Amino acid sequence: MCVLLKDDEIKTINSREELQEYLDFRKTHDKWFISPINLMQVFTKSSSELINAFKKRTGSIISDIAIQDCAENGTNMFLKFHTEINGQDKKGVVPLRYTAIRSLLDRAKIGGFSLYNEEEDAGIEVLPLQEKANIINKCLSLYTQRAKVLYRDEKISAIMSGQYAVLAEKDIVEAVEGCLKNNFPKAEFLTGSVSHEFFRMEYALNADEIEEDILMTLNDNGIAVERVKAMLGIFTSDIGSAAATVYSYLDLDGQKMYYGKPFAIKHIGQRTGDDIVKSVNKLYSLFQNNPEDFKTMSETVIENPAGCLRSIAKEFELPKKYSMAAATALEATEKVTCSAYEIFWYLNDIVRRFDEEKKDMYRSLKLQETVAETVKINFKRFDKPFEWVRGEFSEEAA
């Protein structure tokens, strides 16, 4: 089943056949509508109002199940918007997912904690929902620009600006797989996950020659690794939370090691699968450079292992909690010296520790990107004793 009715539902993709079914479904059923912002209006539904009465009042023709789920389990906010179909003005009243609230406020050009907050706390009250709707509606009425509205599975998932470039997930996957066929003919789909917030897929490149070169380089420099797998990932978001991103990493005996700067295509202007093709083609040369980069790191001696790791973590503003844990693990090895490769391994360990606890894909992607880029740094510049000062940088910075 490809429908994701619940706002926070996550679907795991376990085979290429499942992926194709999902992509075809989305390509067929997702709809992007163009709507003037000043003709948008937000409605709410009181708990005492019957669904039929709500439909009559608002003109909504959405299913009772979708309306009930939005009112009882979701935002309890519904968007009325106008769009042109076959030269005629059409309007609809559709439930708003929580994923659409931030982009809705962006179109109204307002924001702030009082509009987002839904939980009372000491000294903090919650703005009544109808008052929020009134504020939003007043601000929406001020702007005549057009917005792009994503209608998905009977609800609105996003309300993007008119400049937003829609890159369908099917087009992205087809572009990536086309490049893989040329550069990595033995590549295969592994797994993926999708929700109303994100789309993420991973491939094994099965690049035997490159993988063997990296394995030999590591083993020749005293690093005990039995298996190296070159991997590629795709990450994108239809709600404006992330660019269409193609990234690479290595699987070393089951441990992920992010490597090289990801290639990101922002959803702005005219974007097509050709933009994705250019990014994937660059990954080919990136993997070809892998052995040399790992050789350089393996041959670079670090005389202050934990101090070097802490210093890099501070410089790149990695999350302190997980950086401290990684540094402690490194100290527990009791190594007086180590290689820059080992520092790079523990930098990736920070990502692993973050992922295990946080389960936050957006922050994880940013953290992966930051750590991956450290492969090119001068590790000796950070080779010095270093201890954190309490409160020196944010515990949660990522």
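Scroll up to find the structure this text is about.
Caption draft 1: Quick look at helix H11 (residues 305–315). For H11, the tally of buried residues reaches nine of 11 residues, placing the bulk of the element in the interior. Along its buried surface, H11 packs onto strand E14 (301–302), helix H12 (320–332), strand E15 (338–339) and helix H13 (340–358). Two residues or fewer past H11, Glu317 is found with a positive phi of approximately 55°.

Caption draft 2: Representation of unusual backbone geometry in the model. Located in the positive-phi region is Asn76, a residue other than glycine, with phi close to 55°. Note that Asn76 resides in the loop between helix H3 (64–73) and strand E4 (78–85). Look at Glu154: it is not a glycine, yet its phi comes out positive at around 70°. Inspection of the secondary structure assignment puts Glu154 in the loop between strand E6 (146–152) and strand E7 (155–161). Judged by its relative accessible area of 26%, Glu154 is partly exposed.

Caption draft 3: Just the layout of surface pockets, in detail. Here the second largest pocket defines a volume of roughly 400 Å³. Along the walls of the second largest pocket sit 18 residues, with Ser193, Arg200, Lys256, Asp355 and Met361 positioned nearest its centre. Of all the elements in the fold, those that place two or more residues in the lining of the second largest pocket are strand E8 (188–194), strand E9 (199–204), strand E12 (255–258), H13 and helix H14 (361–373). Among the residues forming the lining of the second largest pocket, the class breakdown is five nonpolar, six polar and seven charged.

Caption draft 4: Quick look at helix H2 (residues 51–58). Regarding H2, the residues found buried are Ile51, Phe54 and Thr58. Buried positions in H2, seen along its axis, are confined to an arc of 60° and lie on one side of it. Residues of H2 that are exposed and point over 90 degrees away from its buried face: Asn52 and Lys56. Backbone geometry just after H2 places Gly59 at a positive phi near 85°.

Caption draft 5: Seen up close, the side chain of Ser60. Looking at the secondary structure, you find Ser60 in the loop between H2 and H3. Apart from the residues lying within four places of it in its own chain, the contact partners of Ser60 are Lys55, Ile67 and Val93.

Caption draft 6: Representation of the nonpolar core in the model. Grouped together as the largest cluster of nonpolar side chains are 80 residues, with contacts concentrated most on Ile343, Leu347 and Phe379. For this core, the element with the most residues is H13, which contributes nine residues. Discounting residues that sit within four places of it in the chain, Phe379 has contacts with Met297, Ile302, Cys308, Ile312, Ala340, Ile343, Phe344, Leu347 and Thr374. Membership of the second largest hydrophobic core comes to 32 residues, among which are Ile51, Val94, Ala108 and Leu115.

Thresholds applied
- Residues numbered from 1 in each chain as written.
- Predicted model: local features only at pLDDT ≥ 70, side-chain atom pairs only at ≥ 80, totals over all residues.
- Heavy atoms only, no water.
- Buried < 20%, exposed > 50% of the residue type's maximum accessible area, 1.4 Å probe, protein only.
- Helix = DSSP H or I, 4+ residues; strand = E, 2+ residues; numbered from the N terminus.
- Contact = heavy atoms within 4.5 Å.
- 1 Å grid on protein atoms, 1.4 Å probe; cavity = no way out; pocket = protein on both sides within 12 Å on 5 of 7 lines; lining within 4 Å.
- Points joined across faces, edges and corners; volume = space filled by probe spheres on them.
- Nonpolar A, V, L, I, M, F, W, Y, C, P; charged D, E, K, R; others polar.
- Arc of directions from axis to C-beta.
- Core = buried A, V, L, I, M, F, W, Y, C linked by side-chain atoms within 4.5 Å.

These results come straight from atomic positions and should not be treated as a statement about function.
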